[in-house]
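Residue strings, one per chain:
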Amino acid sequence: MGTITIVGLGPGAAGHMSVETMELLQNCPQVILRTAVHPTVSELQRQNVGYSSCDDLYEQGASFEEVYEGVTQRVLAAAAQGDVVYAVPGSPLVAEKTVVLLRQAAGERGVKLVIKPSMSFLDLAYVELGIDPIAGLRIIDAQDFGAIGEAGEYPLMITQVYSQLVAGDLKIALMDNLSDDYEIYFLRNLGLPDEECRKVKLFELDRQPRIDHLTSVYVPPEAFAGEPQSFGEEEEDAAVSELGGADEALVTTAGFDDVDIQPLVDVMRTLREPGGCPWDREQTHASIRSNMIEEVYEYLEAVDADDTAGMREELGDVLMQIVFHARMAEEAGRFDLQDVIDEVVDKLIRRHPHVFGETQVQGSDDVLRNWEAIKKEEKTERKHVLDGVTQGLPALLRAYKMQGKAAKVGFDWPDSEDVWAKVQEELGELREALANGDAQAAENELGDVLFAVVNYARHHKIEPEVALNGTNNRFANRFNYVERQVEASGRPWNYFTLDELDKFWDEAKKREK
């Protein structure tokens, strides 16, 4: 009987894996990975480490208990043949059920078992969240619904939130004790270039664009949810003193009071003046209309990717478009940039009477009601319910907003079952139009199907534009994987059958877990 050595692959980046771990993996003839869906596995491949994984057990198992038991038995069977190194994501001693089972089983069978220390994603999370585990942090699996019921009572880290379905189940369980808009932290790919650590509302948890095997959730206790820890005057003075002065320690970038937009205004003026750039001088509001749309979408893409540098760059491009249009309007004697700024400032003050006036509000719902009432008073030209829903919106978003407007005046199905029946009805009419060979009718009916599906999504508080964008991203990622496999084979696309390409596609889906 051989020795079972358990090692951790670290939180994600190969640099977080210890030298000792890599040497053990390279020198042991039997290496078993709980899952090969982990960023460091590519490094193992580059180092020619031979291994097998237990990913097939995830496909076969009816429950996690069954999967974990299968992994345990596989490692024990390998140990019967000689020494084996069993590698798990992160640290073996943090939220790793298979290690608990192996320790128990090895003790019962007299098998020597050694656990090597490894870095956990928690080490990175402590830094990102600015928390100290000594304050009572509890770490649980997303399937531990008993502990989830205590969320909000103490700091809680929830691991293994590996799919949108798991995130949805977790969200529902948390909502039994916490409000829908309770602020939690979404953690993903800590230590990797695309790491995410950001606040989200609880109801938004399963709507995040990327949820995979490196996703976790941190639920702060209710005393600190959604707001920084506050200090009294004495404590604040002491804190500032320890930091060496508030100005030196806390102000690392220019505040809003220091913003100067004049350099951008001056550059745009120069570009548009005689002797400036011929292309810029030729443009009109209409000719660069698509540029504005493109820049906004590029900014939204950066937001979805939580790309700080990208957000900064794309916001600059959006701002440049605003200054560009304002400059053209000024040249035509219509308005200038200062008019734009003054108007939006006046609007914000008018629509926040609870901040700049005497109006009292109890919460966000009151704020939104006041906003809509004030806007209605301002927009006297809007005589109809759907006024204000611009035709320039993407089609799915425009449908979503029109349906929402209509619903506010009672023009809506009473429940989602009626909407689903309408979806089925429209699908039937689409099939009939296609069967009749009527292209125009088929186009109309397809539009009706999409409109009905948007309505069904709205009834379930799903934003269809966000949902479709997520699907587009998943398709692109999976197809790119298929393309890489084809290119790696050195063979042309037409060499592969659809079944073979589907296998690559299935591999891509498994890598998302």
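Calculation criteria
Residues numbered from 1 in each chain as written. Predicted model: local features only at pLDDT ≥ 70, side-chain atom pairs only at ≥ 80, totals over all residues. Heavy atoms only, no water. Helix = DSSP H or I, 4+ residues; strand = E, 2+ residues; numbered from the N terminus. Buried < 20%, exposed > 50% of the residue type's maximum accessible area, 1.4 Å probe, protein only. Contact = heavy atoms within 4.5 Å. Areas by Shrake-Rupley, 256 points an atom, 1.4 Å probe, with all protein chains shown as cover. pLDDT = per-residue confidence, 0-100. Axes fitted to C-alpha atoms, helices over the stretch in contact; angles between N-to-C directions. Parallel < 35°, antiparallel > 145°, perpendicular 65-115°, else oblique. Left-handed = near helix turned anticlockwise from the far one by under 90°. Nonpolar A, V, L, I, M, F, W, Y, C, P; charged D, E, K, R; others polar. Salt bridge = Lys/Arg side-chain N within 4 Å of Asp/Glu carboxyl O. Patch = residues over 30% accessible without salt bridge, like charges linked within 9 Å, V, L, I, M, F, W, Y side chains within 5 Å. Lys, Arg positive; Asp, Glu negative; His and termini not counted. Charge placed at Lys NZ, Arg CZ, Asp CG, Glu CD. Expected span 1.5 Å × (residues − 1). Arc of directions from axis to C-beta. Pairing = 2+ DSSP bridges.

A. Seen up close, the overall build of the protein. A tally of regular secondary structure across the protein gives 22 helices and 10 strands. Taking the principal axes of its C-alpha atoms as reference, the protein extends roughly 90 × 80 × 55 Å. Looking at the protein residue by residue over its 513 residues, the buried ones come to 33%. For the protein, the proportion of contacts with a sequence separation of at least 24, taken over those separated by at least 6, is 60%. Taken as a whole, the protein presents about 30,500 Å² of accessible surface, with 52% of it coming from carbon and sulfur.

B. The arrangement of the confidence of the model for the protein in detail. Summary statistics for the protein give a mean pLDDT of 85 and a share of 91% for residues scoring 70 or more. Across residues 227-254, where pLDDT falls below 50, the model places nine contacts with residues more than four positions away in sequence or in other chains.

C. Just the packing of helix α18 (residues 395-408) against helix α20 (residues 439-459), in detail. Remark: α18 packs on α20, axes separated minimally by 9 Å, with the N-to-C direction vectors making an angle of 60°. Taken as axis vectors, α18 and α20 run oblique relative to one another. Handedness of the crossing formed by α18 with α20: right-handed. In contact with Leu-396, Ala-399, Tyr-400, Met-402, Gln-403, Gly-404 and Ala-407 of α18, α20 contributes Phe-451, Val-454, Asn-455 and Arg-458. Here the residues of the contact of α18 with α20 sort into seven nonpolar, three polar and one charged.

D. Summary view of the pattern of salt bridges. In total, this model carries 19 salt bridges according to the counting rule given. One salt bridge connects Arg-138 with Glu-150, and the closest N-O pair in it is separated by 3.3 Å. Of the two residues, Arg-138 sits in strand β6 (residues 138-141) while Glu-150 sits in the loop between α7 (145-148) and β7 (156-159), which places them 12 residues apart along the sequence. Across the pair Asp-206 and Lys-171 runs a salt bridge whose closest N-O atoms are separated by 3.0 Å. Separated by 35 residues along the polypeptide, Asp-206 in the loop between β9 (196-201) and β10 (215-219) and Lys-171 in helix α8 (residues 164-174) bring together distant segments of the chain. On the basis of relative accessibility, which here comes to 12%, the residue Lys-171 falls in the buried class. Sharing partners across several salt bridges, the network here consists of Arg-188, Glu-196, Arg-198, Arg-210 and Asp-212.

E. Structural context of a negative patch on the surface. A contiguous patch of negative charge on the surface is contributed by Asp-499, Glu-500, Asp-502, Asp-506 and Glu-507. Of note, Asp-502 is situated in helix α22 (residues 498-511). Among the residues examined, Asp-502 registers a relative accessible area of 35% and is labelled partly exposed.

F. Representation of α18 within the structure. Between its first and last C-alpha atoms α18 spans 20 Å; for 14 residues at 1.5 Å apiece the expected length is 20 Å, and the two agree. For α18, every residue scored as buried is listed here: Leu-396, Ala-399, Gln-403 and Ala-406. The buried residues of α18 all sit within an arc of 95° when viewed along its axis, so they share a single face. Summarising the contacts, the buried residues of α18 are in contact with α20 and α21 (464-489). With its phi angle positive at about 95°, Gly-410 sits one or two positions after the end of α18.

G. Representation of the packing of helix α19 (residues 416-435) against α20. In contact at an axis separation of 8 Å, α19 and α20 are set at 165° when each is read in the N-to-C sense. Looking at the two axes, α19 sits roughly antiparallel to α20. Read as a crossing pair, α19 and α20 show a hand that is left-handed. Along the contact surface, α19 presents Ser-416, Val-419, Trp-420, Lys-422, Val-423, Glu-426, Leu-427, Glu-429, Leu-430, Ala-433 and Leu-434, while α20 presents Ala-441, Ala-442, Glu-445, Leu-446, Asp-448, Val-449, Ala-452, Val-453, Asn-455, Tyr-456 and His-459. A breakdown of the residues in the contact of α19 with α20 according to their chemical character gives 14 nonpolar, three polar and five charged.

H. Seen up close, the sheet that holds strand β8 (residues 183-188). Spatially, the five strands line up as an open sheet ordered β6-β7-β10-β8-β9, and their pairing is mixed. Looking at which strands have only one partner, the edges of the open sheet turn out to be β6 and β9. On average, each strand axis in the sheet is tilted by 25° relative to the strand beside it, whichever way the strands run. In terms of strand pairing, β8 meets β9 through six bridges, oriented antiparallel. Counted as the bridge partner of Glu-183 is Lys-201 from β9. Running over the sheet, helix α6 (residues 121-129) touches β6, β7, β8, β9 and β10 and is turned about 135° from β7.

I. Examining a nonpolar patch on the surface more closely. A contiguous nonpolar patch, built from Leu-319, Ile-322, Phe-335, Val-340, Ile-341, Val-344, Val-345, Leu-348, Ile-349, Val-355 and Phe-356 and spanning about 860 Å² of accessible area, is present on the exposed surface. Structurally, Leu-319 can be placed in helix α14 (residues 308-331). For Leu-319, a relative accessible area of 33% gives the class partly exposed.

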